[in-house]
Structure formats: structure tokens, C-alpha cells
Amino acid sequence: MDKTLQKQRESGFELLRILCITGIIFMHTFGPLNDSLNTANREISIFVNAVANAGVTCFILISGWFGIRFDLGKLIRLDLAVIFYTLLGTLLSGEIGAKSLILSCIPILSGRYWFLSCYFALCLFSVFLNPLAETAGKKRLGSLLLLMLFLFSFLPTFFYYELIPDGGKGFVHMTMIYLIGRYLRLYLTKPLKTGRILALYLLSTLVIFTANTALSVLKGTQMGMFARDNSLFIIASSVLLLLLFRELHFHCPVINHLAGNVMPLYVFESFVRMYILNRLIRLDAHTGSPLLIMYVAGYAVLTVVICMAVNELRRLTVAHLDDRIAALLMKGYRSATPGVTRLGQNACTRLCHYLEGTK
């Protein structure tokens, strides 16, 4: 293989990221309709949920596979992009009150996007998590992951008991998935049979779909218990997808470029659906139609196209300002860090002396 091509980013995981965000948008489009669907469309929605809700877990697994390297400047640039799209979405929605605008300027701190807030925290903790994964050894790291999976996935899946009642949408769950990604990268190095991986993935998806269908019939309403983020089956499906796309070795500049739109899609898609597309066609008027799946698919694809077009426009116009603002903030951070560090250390020392009763 050409050495230049070897250095280029392979596109298997990038394609997975694009498919995952598209699936998430597809699932989010179905979400508001679930309470009014007829039987056939409810089954379709349950199936979409069984497939697409693996998307977020796949994102974290990919981060774990490659390993997050803490870069404050990169986080600042990411935060600036999130603020841009949040403010734009707020203006589109007409919510231009002082509170909405202030919260739109601090989307990560305000927890507006749970995944991004947890991702930022994960980036901060990566300086501790990476050495843990790399020095613990296969046996100890495996034991840690088995314990975490039992407490935070097995119990919620089969007993509906959550030590942390967040449905898997929180930092502890994200940390566990990240470490699974690191484990797979460090210790699963041999090529795998793609046919077997695909068969296991289809089986896991079928279990999720069948279990949620049965539960929905028993409860008389649509249920998604086995497709939650902390479901053992969703985690299994996500791992299998990661391993399946790991075996795809090809390079496509177009796919790699489009994958750069994943974050804007995640942030901006709800605004596009609610405040642009809803004015073109009301999906809630078609919940009993056999064509609903086509309408939802059209919504999802159009949402992806609009969000990507807006992000490409931003790249060509104002995105370069992110680098300048980040550079200024980093300069201030480097200047202030020594003094703040000394202040914190002195405060801790004085507190310890006070508690010990010494001068």
C-alpha cells in the first residue's frame, strides 16, 4: 500500500459515525409521534429505536478506540461551534428572551446536550482514564468492566434497577463505554469474521425488537426498555457495529469530510425539524398512514442535508474566528494558570493546617 495512503484516515469508522447520526435523527423524528401511531407504524418505530439507539454508544466506543487526548484549545473550538448552532437554533425558534440567550451561550455548562456535557467531562478525565486502561492490564481492566457492566447495565436491563437513574445518559455510563472502547483497541487485535459479527448483531437487534414489542403489547403502550442506552443488548449491538466497521479498510475523502458534520447535526437537527420542516408538512397528521415511514425518512434525509449545508457555509465564512478566539482564550489561560494553581495550593495547605490545629 502507498505510504501516503497509509497515513490518511481510513473511512470505515467515519462512515459509521455518519450512519449513526442519521439513525439518531430518524429515531428523533419518530419520537414525538409514538403516542399516536397505529399498530403497524408502532412496530416500525420500535424497530427503528432498536437499531438507531446504538448510535450514541457507538460514538463513545469510537472515542475509546482511538483514545481521547486532552486538548483544551480543541475543546474551546468545539464549544464555540456548539454555541453558534445553539444561538442560531434559539433565534429560529423565536425564543429570544434574556434567559434563553444566556443559556444558549453556555450550552455545555447548562446541560442542554447531555452527550456533549458528558463528552467534555470525559475529555477532562481522559488524562486519568487512559493511563488506567493502559497500565491495568487485560485481566484487571476486564474485571473492572465486568463489574461495571453488571451494576450499570445488567441490573437495569433485566431488573429495571438503576443505581444511577439516568437511563445510561450520564458520565458514569459514558466512562464505562469509553473504557470498553479502549479495551477493544488494546486487546482485540486479530481480524474477525465479518459474517459472524453481522449474524450476532442481527440477533441482538432482533432480541431488542422482540422484547420491546412484547413489552409494548403487555403494557398497552410503546415501550423501549431494552433499547435504552444502558441496555446490555444496545451495548452489545454497538460493540458489534464497531467491530464490523473496523474490518472495513478503505479511504474516501468525501466520507471523511462529511463526517466532520456530525457535531453540528447532533446540535442543530432538532431546530431544523421543529422550526423549518414542520412548516412544510405535519407528520402528526399521518400517524395512521402506511406512507409514514417514507415521510419520516424524507424528514431525516432533508434534515441531514440542511444541517450539512449550513455547516459547510459556516466553514467557508465564520469558522476561522473559532481559532482566533480559542488562541486568545488559551493565552489568558496560560497566563492565569500559575497564579490560580498557587492560590489553590495555598488554600488547601491553610485548610489542612487549620483542621490539624497547627499554624
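Residues numbered from 1 in each chain as written. Predicted model: local features only at pLDDT ≥ 70, side-chain atom pairs only at ≥ 80, totals over all residues. Heavy atoms only, no water.

> An account of the overall build of the protein chain is requested, with residue identities and associated values reported.
Counting its regular elements, the protein chain contains 15 helices and zero strands. Over its C-alpha trace the protein chain gives a radius of gyration of 23 Å, about what one expects of a compact globule, namely 21 Å for 359 residues. Scored against the burial criterion, the 359 residues of the protein chain give a buried share of 44%. For the protein chain, contacts bridging at least 24 residues in sequence account for 84% of all contacts bridging at least 6. (Helix = DSSP H or I, 4+ residues; strand = E, 2+ residues; numbered from the N terminus. Rg over C-alpha atoms; globule rule 2.2 N^0.38 Å. Buried < 20%, exposed > 50% of the residue type's maximum accessible area, 1.4 Å probe, protein only. Contact = heavy atoms within 4.5 Å.)

> Could you give an account of the environment of Gly 12, naming the residues involved and the relevant values?
With respect to the helices and strands, Gly 12 occurs in helix H2 (residues 12–30). Owing to a relative accessible area of 2%, Gly 12 belongs among the buried residues under this scheme. Spatially, the C-alpha atom of Gly 12 lies 29 Å from that of Phe 271, the residues being 259 residues apart in sequence. Filtering out sequence-adjacent residues up to four positions away, Gly 12 remains in contact with Phe 245, Leu 248 and Phe 250.

> Explain the packing of helix H5 (residues 72–93) against helix H7 (residues 114–135) residue by residue, including any values.
For the pair H5 and H7, interaxial distance at closest approach is 12 Å and the crossing angle is 170°. The angle between the axes of H5 and H7 places the two elements in the roughly antiparallel class. Along its contact with H5, which presents Leu 75, Leu 78, Asp 79 and Val 82, the element H7 presents Leu 116, Tyr 119, Phe 120 and Cys 123. Here the contact of H5 with H7 is composed, by residue class, of seven nonpolar, no polar and one charged. (Axes fitted to C-alpha atoms, helices over the stretch in contact; angles between N-to-C directions. Parallel < 35°, antiparallel > 145°, perpendicular 65-115°, else oblique. Nonpolar A, V, L, I, M, F, W, Y, C, P; charged D, E, K, R; others polar.)

> Kindly report on the environment of Thr 287, identifying the contributing residues and their values.
Secondary-structure assignment places Thr 287 in the loop between helix H13 (262–275) and helix H14 (292–316). Residue classification places Thr 287 among the buried positions, given a relative accessible area of 10%. Taking the C-alpha atoms as reference points, Thr 287 and Val 267, separated by 20 residues in sequence, lie 26 Å from one another. Contacts of Thr 287, omitting those with residues within four sequence positions, involve Leu 33, Ser 36, Leu 37, Asn 38, Asn 41 and Leu 292.

> So what's going on with a nonpolar patch on the surface? Residues and values would help.
Residues Phe 158, Phe 159, Tyr 161, Leu 163, Ile 164 and Val 172 make up a contiguous nonpolar surface patch of roughly 560 Å² in combined accessible area. Tracing the backbone through its elements, the reader meets Phe 159 in helix H8 (residues 138–159). Judged by relative accessible area, which is 57%, Phe 159 ranks as exposed. (Patch = residues over 30% accessible without salt bridge, like charges linked within 9 Å, V, L, I, M, F, W, Y side chains within 5 Å. Areas by Shrake-Rupley, 256 points an atom, 1.4 Å probe, with all protein chains shown as cover. Salt bridge = Lys/Arg side-chain N within 4 Å of Asp/Glu carboxyl O.)

> Help me get a handle on helix H11 (residues 232–246), residues and values and all.
Across its 15 residues, H11 extends 21 Å between first and last C-alpha, which sits within 8% of the 21 Å expected from 1.5 Å per residue. Of all 15 residues making up H11, twelve are buried, and the element is well covered by its neighbours. Every buried residue of H11 is accounted for by Ile 234, Ile 235, Ser 237, Ser 238, Val 239, Leu 240, Leu 241, Leu 242, Leu 243, Leu 244, Phe 245 and Arg 246. Where H11 is buried, its residues meet H2, helix H3 (39–52), helix H4 (55–66), H8, helix H9 (171–187) and helix H10 (194–219). Between the side-chain oxygen at the start of H11 and the backbone nitrogen of Phe 233 there is a gap of 3.2 Å, and the oxygen is on Ser 231. (Expected span 1.5 Å × (residues − 1). Polar contact = N/O pair within 3.5 Å; in protein donor to acceptor, adjacent residues only side chain to side chain.)

> Account for the side chain of Arg 228, naming residues and giving values.
Structurally, the position occupied by Arg 228 is in the loop between H10 and H11. Polar contacts involving the side chain of Arg 228 include one to the main-chain carbonyl oxygen of Pro 156, which spans 3.4 Å.

> Summarise the pattern of salt bridges; cite the residues concerned and give the values.
Going through the model one piece at a time under the given rule, you end up with eleven salt bridges. The closest approach of N and O atoms between Lys 169 and Asp 229, which form a salt bridge, is 2.7 Å. Residue Lys 169 is found in the loop between H8 and H9, and its partner Asp 229 is found in the loop between H10 and H11; the two are separated by 60 residues along the sequence. Note on Asp 229: relative accessible area 3%, which makes it buried. If you follow the salt bridges from partner to partner, you end up with Arg 69, Glu 134 and Arg 182 in one network.

> I'd like a rundown of the packing of aromatic side chains, residues and numbers included.
Considering all chains together, one arrives at 20 aromatic pairs under this definition. With centroids separated by 6.3 Å and ring planes inclined at 25°, the aromatic side chains of Phe 115 and Tyr 119 adopt a geometry described as stacked. With Phe 115 and Tyr 119 both in helix H7, this residue pair falls four residues apart, about one helical turn. Comparing Phe 115 with Tyr 119 shows no difference in burial state: the two are buried. The rings of Phe 59, Tyr 113, Trp 114, Phe 115, Tyr 119 and Tyr 266 are connected pair by pair, giving a single aromatic cluster. (Phe/Tyr/Trp six-rings, centres within 6.5 Å; stacked < 30°, edge-to-face > 60°.)

> Please set out the packing of H2 against H13 residue by residue, giving values where relevant.
One way to put it is that H2 packs onto H13 with a least axis distance of 10 Å and a crossing angle of 20°. Between H2 and H13, the crossing angle belongs to the class labelled roughly parallel. In terms of crossing hand, the pair formed by H2 and H13 is right-handed. Contact residues: H2 offers Arg 17, Ile 18, Ile 21, Ile 25, His 28 and Thr 29, while H13 offers Val 262, Leu 265, Tyr 266, Glu 269 and Arg 273. Split into classes, the residues belonging to the contact of H2 with H13 amount to six nonpolar, two polar and three charged. (Left-handed = near helix turned anticlockwise from the far one by under 90°.)

> Explain the nonpolar core residue by residue, including any values.
Counting 77 residues, the largest nonpolar core has Phe 115, Leu 116, Met 176, Ile 180 and Val 267 as the members making the most contacts within it. Not counting the four nearest positions on each side in its chain, Val 267 is found in contact with Val 82, Tyr 85, Thr 86, Tyr 113 and Leu 116. (Core = buried A, V, L, I, M, F, W, Y, C linked by side-chain atoms within 4.5 Å.)

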